[in-house]
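Below are the chains, spelled out letter by letter.
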Amino acid sequence: MSVIELKNINKYFGSGISKVHVLKDVNFAADRGQLILVVGPSGSGKSTFLTIAGGLQTPSSGSVEVEGQAVESLTKAQRDQLRLNQIGFVLQSYNLVPYLKVKEQFEFVDKIKHEGNLDQKELADLLDQLGISQLVNQFPGELSGGQTQRVAIARALYANPDIVLADEPTAALDSEKVAEVGRLFKNLAETRNKAVVVVTHDLRLLDFADKTYEILDGKISLKDKEHVTDR
Ligand SMILES: Nc1ncnc2c1ncn2[C@@H]1O[C@H](COP(=O)(O)OP(=O)(O)O)[C@@H](O)[C@H]1O
Ligand SMILES: [Mg+2]
């Protein structure tokens, strides 16, 4: 069973003559142990896809299933629990708390989610892997774009989710750091049996993917990586 599956998803925004069809009959599945890439140009529907997959927005039609359970059949409280306990988001806005130091961002997660988070050793290893150990006493406003991005990744992974959904997680990173993040995600999927879904226009991540989808004008298709449209 796929850990997350989208079935015939359509998403419209607006109404009347300004109605836009942003996702068109999207079918998608992610399995544990895989790093899955969804590549596409700006405006193709990647963020809409990812937020629907993670239950942050509802589709206009179609079904999202997590561990075989239809998300739309859950109550709001159940959906909140699902997101909290099973899904880690790395969103483009990063969602770091501006008045908390980096190390306090993780303590903040502990306050919201009381169990199942990484222990101190695992957190230290993660920060080390991401090259941000020296930043623990900094505030988000003191970080560069790339550092912020890596802290946001660490914060999502700290909660030890089964499913990681990341929106353009490497946009601000140089190629060396992209490779580190690619390896980290792939390693996480493989060794900890997670499903990692990354939407991006960053083709530097292609080499790390177990499976690659391409999204163009709201239509998604499975690709072999040699044939991804480069633009
Ligand atoms: N809340 C919204 N209201 C209206 N249009 C939206 C909304 N969110 C996204 N869109 C439109 O949907 C399309 C896809 O957007 P998005 O999913 O953000 O693409 P991507 O992440 O690939 O750049 C764009 O044309 C965008 O303008
Ligand atoms: Mg986007």
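A quick note: this is a predicted structure, and the numbers were derived from the prediction, not measured.

Visitor: Help me understand the pairing of strand β1 (residues 4-13), please; the structure alone is not making it clear to me.
Guide: Remark: a regular strand shows side chains that alternate across the two faces of the sheet. Of the strand pairs in this sheet, β1 and strand β2 (residues 20-30) are connected by seven bridges, and their pairing is antiparallel. Across the sheet, residue glutamate 5 finds its bridge partner in β2, namely alanine 29. Taken together, β1 and the strand that follows it, β2, pair antiparallel across an intervening segment of six residues, in which glycine 14 is found at a positive phi of about 75 degrees. Here β1 runs beside strand β4 (residues 61-66); their pairing, made up of five bridges, is antiparallel. Residue leucine 6 lies in a different strand from β4, and its bridge partner there is valine 64.

Visitor: Would you explain the site of ligand 1 in this entry?
Guide: Around ligand 1, the neighbouring residues are Phe13, Val22, Pro41, Ser42, Gly43, Ser44, Gly45, Lys46, Ser47 and Thr48. Contacts to ligand 1 include serine 47, whose backbone N or O atom sits 2.9 Å from an oxygen atom. Between an oxygen atom of ligand 1 and a side-chain N or O atom of threonine 48, the distance comes to 2.6 Å. Protein contact buries 55% of the 560 Å² of open area that ligand 1 shows by itself.

Visitor: Mind showing me how you'd approach the packing of helix α3 (residues 102-112) against helix α5 (residues 145-158) here?
Guide: The relative placement of two packed helices is expressed as an angle between their axes plus a distance between the axes. Relative to each other, α3 and α5 sit at 25 degrees, their axes nearing to 10 Å. Between α3 and α5, the angle falls in the class roughly parallel. Crossing geometry of α3 relative to α5 is assigned as right-handed. On the side of α3, the interface is formed by Val102, Gln105, Phe106, Val109 and Asp110, while α5 contributes Val151, Ala154, Arg155 and Tyr158. Taken together, the residues of the contact of α3 with α5 break down into six nonpolar, one polar and two charged.

Visitor: Hey, could you run me through unusual backbone geometry in this one?
Guide: With glycine set apart, most residues show a phi of negative sign, and most peptide bonds adopt trans. Positive phi is not limited to glycine here, since aspartate 25 has a value of about 50 degrees. Since its relative accessible area comes to 47%, aspartate 25 is described here as partly exposed. One non-glycine residue, aspartate 217, lies in positive phi territory at about 50 degrees. Along the chain, the position of aspartate 217 falls in the loop between β9 (211-216) and β10 (219-223).

Visitor: Just checking my understanding: could you explain the sheet that holds strand β3 (residues 34-39) for this structure?
Guide: For sheets, the rule is that strands pair by backbone hydrogen bonds, running either parallel or antiparallel. Across the sheet, which stays open at both edges, the six strands sit in the order β6-β7-β8-β3-β9-β10 with mixed pairing between neighbours. Looking at the sheet topology across the chains shown, the edges are occupied by β6 (87-90) and β10. Within the sheet, the average angular offset between the axes of one strand and its neighbour, ignoring direction, is 20 degrees. Pairing of β3 with β9 involves four bridges; the strand directions are parallel.

Visitor: Would you explain α3 in this entry?
Guide: Residues spaced three or four apart along an α-helix point in a common direction, a consequence of the helix completing one turn every 3.6 residues. Looking only at α3, the buried set comprises Val102, Gln105, Phe106 and Val109. When α3 is viewed along its axis, its buried side chains cluster within an angular range of 95 degrees and face the same direction. Where the residues of α3 are buried, they touch α4 (120-129) and α5.

Visitor: Got a minute to help me understand the sheet that holds strand β5 (residues 69-70) in this structure?
Guide: Read from one edge of the open sheet, four strands run β2-β1-β4-β5, paired in antiparallel fashion. Taken across any chain shown, the strands that pair with only one partner, and hence form the sheet edges, are β2 and β5. Where helix α1 (residues 46-53) meets the sheet, its contacts fall on β1, β2 and β4, and the angle it forms with β1 comes to roughly 125 degrees.

Visitor: How should the pattern of salt bridges be read in this particular structure?
Guide: A side chain of one charge can pair with a side chain of the opposite charge if their charged atoms are brought near each other. A complete count under the given rule lists 13 salt bridges for this structure. Across the salt bridge formed by glutamate 65 and lysine 7, the nearest N and O atoms sit 3.2 Å from each other. Placement of the pair is glutamate 65 in strand β4 and lysine 7 in strand β1, with a sequence separation of 58 residues. A relative accessible area of 17% places glutamate 65 in the buried class. For lysine 223, the salt bridge goes to glutamate 214, with nearest N and O atoms at 3.5 Å. A single salt-bridge network, built from bridges that share partners, covers Arg32, Glu67 and Asp162.

What counts, and where the lines are drawn
- Residues numbered from 1 in each chain as written.
- Chains lettered and ligands numbered in written order.
- Predicted model: local features only at pLDDT ≥ 70, side-chain atom pairs only at ≥ 80, totals over all residues.
- Heavy atoms only, no water.
- Pairing = 2+ DSSP bridges.
- Helix = DSSP H or I, 4+ residues; strand = E, 2+ residues; numbered from the N terminus.
- Near = heavy atom within 4 Å.
- Polar contact = N/O pair within 3.5 Å; in protein donor to acceptor, adjacent residues only side chain to side chain.
- Areas by Shrake-Rupley, 256 points an atom, 1.4 Å probe, with all protein chains shown as cover.
- Axes fitted to C-alpha atoms, helices over the stretch in contact; angles between N-to-C directions.
- Parallel < 35°, antiparallel > 145°, perpendicular 65-115°, else oblique.
- Left-handed = near helix turned anticlockwise from the far one by under 90°.
- Contact = heavy atoms within 4.5 Å.
- Nonpolar A, V, L, I, M, F, W, Y, C, P; charged D, E, K, R; others polar.
- Buried < 20%, exposed > 50% of the residue type's maximum accessible area, 1.4 Å probe, protein only.
- Arc of directions from axis to C-beta.
- Salt bridge = Lys/Arg side-chain N within 4 Å of Asp/Glu carboxyl O.

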